[in-house]
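Observations on the model geometry
The primary structure of each chain is shown beneath.
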Amino acid sequence: MEVKELGHLVLYVRNVTRSAEFYRDVLGWRQLTPSVEFGFPAAAFSAPSNRTHHELLLIEVGDDAESLPQGRHIGLYHFGLKVGDTDDELRDALRSVQDAGATVVGASDHTVTHSLYVLDPDGNVIELYVDVPGVDWTTDPALVFSPIRPLQL
């Protein structure tokens, strides 16, 4: 077997309407379905590229669901979303999430990418990034594990 690509993410959320607004209105995902019952409250999204039938599915589990554990734990740490090709586009993304009141928890220069880290309404960490022009990690894969430096936008 060979994995061809990452197909989609499914996240459990407390309130699908609130989370759909964040992913649609703040991050700019295209909502494929209204937040409706599929036997359960859910909403599906795709990036504007229409690469696949859905890239993100949100499933509501209710306000009484357990919070994500703090600190080091097993499971998802974050997922990355490419938001452009330049630091100007990353600065635009920063302004957008700040204007929407989203929590920014970090900014890092990973040599191969410049990244912002934001929280969704349920505390999932999302990396918003741009690839750094001129850095060829394909010929020097060690660049992917370069020391992380603070990013100043």
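Above this text is the structure in question.
Residues numbered from 1 in each chain as written. Predicted model: local features only at pLDDT ≥ 70, side-chain atom pairs only at ≥ 80, totals over all residues. Heavy atoms only, no water.

Right, let's talk about the pattern of salt bridges for a bit. Using the criterion set out here, one finds nine salt bridges in the structure. Put simply, Asp131 and Lys82 hold a salt bridge, and the shortest N to O gap is 3.2 Å. In this pair, Asp131 is assigned in strand E9 (residues 125-131) and Lys82 in strand E6 (residues 78-84), connecting sequence segments 49 residues apart. Exposure remark for Lys82: the relative accessible area of 43% places this residue in the partly exposed category. Between Arg95 and Asp92 there is a salt bridge, with its nearest N and O atoms 2.3 Å apart. On the criterion of helical spacing, the pair formed by Arg95 and Asp92 is a turn pair, its members being three residues apart in helix H2 (residues 87-99). When its relative accessible area of 39% is taken as the criterion, Asp92 is described as partly exposed. Each member of the salt-bridge network shares a partner with another, and the members are Arg14, Arg18 and Asp122. (Salt bridge = Lys/Arg side-chain N within 4 Å of Asp/Glu carboxyl O. Helix = DSSP H or I, 4+ residues; strand = E, 2+ residues; numbered from the N terminus. Buried < 20%, exposed > 50% of the residue type's maximum accessible area, 1.4 Å probe, protein only.)

The sheet contact formed by strand E7 (residues 103-109) and strand E8 (residues 113-119) spans six bridges and is antiparallel. Bridge pairing in E8 places Thr103 opposite Leu119. Counting the residues between successive antiparallel strands, the hairpin from E7 to E8 contains three residues, one of them, Thr111, with a positive phi of roughly 70 degrees. Taken together, the two bridges between E7 and strand E10 (residues 149-150) define a ladder with antiparallel strand orientation. (Pairing = 2+ DSSP bridges.)

This next bit is on unusual backbone geometry. If you check the backbone angles, Thr111 has positive phi at about 70 degrees while not being a glycine. Summarising the element assignment, Thr111 is placed in the loop between E7 and E8. Given the relative accessible area of 16%, Thr111 is considered buried.

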